[in-house]
Amino acid sequence: MSSFDSDEEQLEMDEFPDGDEELCVQRYTPNYGTMYEQEQHASDLGPFHKESTCLVGTKYGLLTANGAGLMSKCMVDFDGNEDSVFFADGQRRIDFILVYEEEPRKQGDQKRMRSILSKKRKRAFFQENLKEAGLEIEATRSVLDFKTIFLKLHAPWEVLCRYAEVLHIKLPLQSNDLKQKTSTFNCITKLFSVSEDKIPPEDEFFTAPFEMDRIKSFHTEDRDAFFTPATRSRIVNYILNRCEYKKGKPNKFGIAKLLGSNTYKAAYTLHDCKFNQKSSDPACPNERYLLYQEWAHPKNFYKLQPLDLIRKYYGEKIGIYFAWLGFYTGMLAIAGFAGLLCFIFGILTMDDSTWSQEVCDPEIGGRIIMCPQCDRDCLYWRLNITCQSSRKLSIFDNYGTLAYAVFMAIWVTVFLEFWKRRQAELEYEWDTVELEQEEPRRPEYEAKCTIPKKNPVTQEEELVPYSACGKCMRLFCGGSTVLFWISLIIASVVAIIVYRLAVFFEFSVNLPKAIDDDLEPLKDYLTPQMATSVTASLINFVFIMILNIIYERVAIMITDFELPRTQTDYENSLTLKMFLFQFVNYYSSCFYIAFFKGKVVGYPGDPVYWLGRFRNEECDPGGCLIELSTQLLIVMGGKAIWNNIQEVLIPWLKNLISRCQTKSSENVIPRWEQDYQLQPISKLGLFYEYLEMVIQFGFATIFVASFPLAPLLALINNIIEIRVDAWKITTQFRRILPVKAQDIGAWLPILNGVAIFAAVTNALIIAFTSDMIPRLVYYWTLSVQPYGEYSSPTMRGYINSTLSVFRIADFSNISKPINLPSWFDPENDTTCRYRDLRYPPGHPLEYHHSLYFWHIMAAKLAFIIVTEHIVFGVKFLVSYWIPDVPEHIKEKIKREKYLTQKILHESHLTAWHNKMTDATRNLIKGSISLKGQDMDV
């Protein structure tokens, strides 16, 4: 071994008390970098010999000698084949890549040296344990950065078989012999499907959990294809997550901790080729290239997704997400088309809206003087200044919207029920029906298992990480933290409301003065209500984004503290926390506008104040529906733009910088180094994609009664989202580690909850936010005799009947306006109007709610009850009529179970029976021969 200074040697021995000093010394060769770079790097090693570059441990059976010949043993030169995904021998496939950097040690920096030596020791022990687990390792130095080392891992056949049995991985038994039923819509879907010449359909097999003792029963003719690259990567990842890296420390294991401590820089699986160029290797299937050309490329926006190839390349978890997203987008096409028809109906009937005409009529709306909407500084105003907002409101607040809200309640049920059927098909086709029984425990969970507990199923004692009391405490702490953050959101919403109240006063006073002659055309649109709504929505959106960023980290910390048993449990727990937070964060401002704004405002003589100071804001005389639509449009649009910037633009810029740096090098870059330059994808990357879509689903269903175009906007966004997500994971990120997934997890019950909540919310919006019910009551009851002056139902006079009268002399000193508009005549104009249903001045019950108010309130409650019963009744019937599992899938599952029983079990019973029969015959023959011998004697 190379000689060290005494201090350095003692330091290393202190770090390695077991005598596992790191050895493997290796010479720098001209194959890597310039001579100057080699000498400079060697000089950075300080007191170490200049030939000392590669360190591993002697105790682990690795190289101990020194000299020029070690390069061929420790490192393998890159052969120049940039498309290869095999070891240097061209036979063994690379199943995983580990990356680390050799850090130079400077003399005198003992703390840094201890850290470097500790990392080297962990790597040495870890890699030796990987070898003991059966993995084969080949090391190659980077062609761009001399310090970077790539470890290529390969799992031999025996290792794959052993762990396939441990993980209960389902593998092919025999070809599927059941006839496939052709879909009724097959001729239509073919027009949008990917050509089978480019991506041929996969062969279908009946499968069963792998058993080594029954390997002859499985379809193992082609060993190279028996374990797909995705399955191989899963098995190697399982080994990496459970391999120890420190001797005598039971909780010191797993590649995740080594990545977290920067011992390894990266761990990933390889793409099989470049995304925009086919591999020159004839053994490469070029699946990444096919996915880019036929799926991720924008030209294919109208095509169906090649789900089988997505699942094969990226695993079931990614496949089920894109299957759900594609199914959801297809169903949105129906909802979006219906919403567009509703919107067109609103535009066509806009000029026929009698109440809107009355607002705009100079003889009606132009003569109605409205009371000031704030204290002292606000002015009297005429109703017809809200003409444009009333016309826009009539587009969304009409009978078509009522029908559309009922339609969407049924659509949501149909969507979820048909998705359950589609999910059942994918579960069977992708062999995830019994996934819950085979999912292993999380390494983080296993590392904390120290408390013995009796398993109620096996009746055997096993170790768990916490007692029942400890688990309750963890859940209590997690729940308390979530409630705290939800309270923080509510506090931010209150702050936004206070801002709205304060700024509305300022806009009411200063906005008319700020609009000069050049902006006079905007005067009808730029009202104080609209300016307040837009600015408050923008500020609320900024608050949403900031709180999201902070809470994401908090939610992950809470879930890590709870220590769920499996990865599915972990994601379900995190899903619930994140959704509760996001639900309150995104929807709270919309709920305020829909159900609280303008509902408790009092009347001009006795207004309601927030915090004893800010007068509660009122809705436009046409209602708050148009403001709710504005809020939805800003939040939905802003969220889509922000997500695309965060998810696409940032990784693209990082990769662009990396490519620019690489272009300066003339070296041929191997496949593993090309992938290393791509961006790593977060473990929760897919979780955020689901969360984004579920929040969008809420916007498209919960508030659809106020904005019928929401499903259409969601449809357009999702058509782009599918291709953007596909482009992102195919071109900008390293290959995602294939993971099994049975379904969309906790998102399905969340979607069911959103669907039920949407039915209730839309009924409440129509009843309390829109003017649909008051108009119907007026049309059928109050407009005709004996209550009204007309002989047949009509909407004429509706505006006058829904605006109460207030005597100006009844203003308090706090509320009385100090300035009067130029057109106001104090002698003749003695009253003003406000939006409410109260008795006029002079009535015995003046300023109390009128009988008309209570009639309308009763009608609203009756509408909610009847609508909800109809909607939930239809939902129940649809759920009952549409089975969750298609009949042909049930047949396939039964057939597969039968074959499994026959091939794997009955065949062994038959073999055992034959052996016993042969043994019996041999015994009988032996006894007969013995009798014959006795008789001869």
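Heads up: the structure comes first, above all this text.
How each quantity is defined
Residues numbered from 1 in each chain as written. Predicted model: local features only at pLDDT ≥ 70, side-chain atom pairs only at ≥ 80, totals over all residues. Heavy atoms only, no water. Helix = DSSP H or I, 4+ residues; strand = E, 2+ residues; numbered from the N terminus. Buried < 20%, exposed > 50% of the residue type's maximum accessible area, 1.4 Å probe, protein only. Contact = heavy atoms within 4.5 Å. Areas by Shrake-Rupley, 256 points an atom, 1.4 Å probe, with all protein chains shown as cover. Pairing = 2+ DSSP bridges. Axes fitted to C-alpha atoms, helices over the stretch in contact; angles between N-to-C directions. Phe/Tyr/Trp six-rings, centres within 6.5 Å; stacked < 30°, edge-to-face > 60°. Lys NZ or Arg CZ within 6 Å of the ring centre and 35° of its normal. Salt bridge = Lys/Arg side-chain N within 4 Å of Asp/Glu carboxyl O. Patch = residues over 30% accessible without salt bridge, like charges linked within 9 Å, V, L, I, M, F, W, Y side chains within 5 Å. Lys, Arg positive; Asp, Glu negative; His and termini not counted. Charge placed at Lys NZ, Arg CZ, Asp CG, Glu CD. Disulfide = S-S within 2.5 Å.

A. Broad picture of the overall build of the protein chain. Secondary structure summary: the protein chain contains 29 helices and 16 strands in total. Out of the 937 residues in the protein chain, the part that is buried amounts to 52%. For the protein chain, long-range pairs separated by at least 24 residues make up 77% of all intrachain contacts whose partners lie at least 6 apart in sequence. Carbon together with sulfur atoms contributes 59% to the accessible area of the protein chain, which is approximately 45,100 Å² in total.

B. Local environment of the sheet that holds strand S6 (residues 266-268). On the basis of which strands lie adjacent, the open sheet formed by four strands has the order S2-S3-S1-S6 and antiparallel pairing. Of all the strands in the sheet, just strand S2 (136-141) and S6 have a single pairing partner and so form its edges. In this sheet, adjacent strand axes meet at a mean angle of 20 degrees when their direction is disregarded. Of the pairings in the sheet, the one linking strand S1 (residues 96-101) to S6 comprises three bridges and is antiparallel in character.

C. The arrangement of the packing of aromatic side chains in detail. One pass over the structure, following the stated rule, counts 57 aromatic pairs. Judged by centre distance (4.8 Å) and plane angle (90 degrees), the ring pair of Phe 583 and Tyr 587 falls under edge-to-face. Placement of the pair is Phe 583 and Tyr 587 together in helix H20 (residues 567-595), with a separation of four residues, close to one helical turn. Ring centres 4.9 Å apart and planes at 85 degrees place the aromatic pair Tyr 587 and Phe 699 in the edge-to-face group. With Tyr 587 in helix H20 and Phe 699 in helix H23 (residues 685-702), this pair connects stretches of sequence that are 112 residues apart. Note on Tyr 587: relative accessible area 1%, which makes it buried. When the ring centre of Phe 146 is taken as reference, the NZ or CZ atom of Arg 141 above it lies at 4.4 Å. The ring of Trp 823 has Arg 382 lying over it, and the distance from NZ or CZ to the ring centre is 3.9 Å.

D. Up close: the pattern of salt bridges. For the structure on display, the rule yields 26 salt bridges. The partner of Arg 232 in a salt bridge is Asp 95, with the nearest N and O atoms 2.7 Å apart. You can see Arg 232 sitting in helix H8 (residues 229-241) and its partner Asp 95 sitting in the loop between helix H3 (71-74) and S1, a full 137 residues away along the chain. In this pair, the class of Arg 232 matches that of Asp 95, namely buried. Residue Asp 351 is joined to Arg 391 by a salt bridge in which the shortest nitrogen-to-oxygen separation is 3.3 Å. With Asp 351 in the loop between helix H12 (316-348) and helix H13 (354-360) and Arg 391 in helix H14 (residues 387-396), this pair connects stretches of sequence that are 40 residues apart. What emerges from the salt-bridge pattern is a single network uniting Asp 89, Arg 92 and Glu 136.

E. Inspection of a positive patch on the surface at higher detail. A contiguous patch of positive charge on the surface is contributed by Lys 246, Lys 252, Lys 257 and Lys 448. Tracing the chain through its elements places Lys 448 in the loop between helix H17 (443-447) and strand S9 (451-454). For Lys 448, a relative accessible area of 48% gives the class partly exposed.

F. Layout of the state of the cysteines. Summed over all chains, the structure comprises three disulfides. Each sulfur of the disulfide joining Cys 360 and Cys 387 lies 1.9 Å from the other. Because the sign of the S-S torsion sets the handedness, a value of about 100 degrees for the bond joining Cys 360 and Cys 387 places this disulfide among the right-handed ones. With a gap of 27 residues between them, Cys 360 in helix H13 and Cys 387 in helix H14 connect regions that are remote in the sequence. Linked covalently through their sulfurs, Cys 371 and Cys 832 form a disulfide whose S-S length is 1.9 Å. Disulfide Cys 371 to Cys 832: torsion about the S-S bond roughly 90 degrees, handedness right-handed. Of this pair, Cys 371 sits in the loop between strand S7 (369-370) and strand S8 (381-382) while Cys 832 sits in strand S16 (residues 831-835), and the two are 461 residues apart along the sequence.

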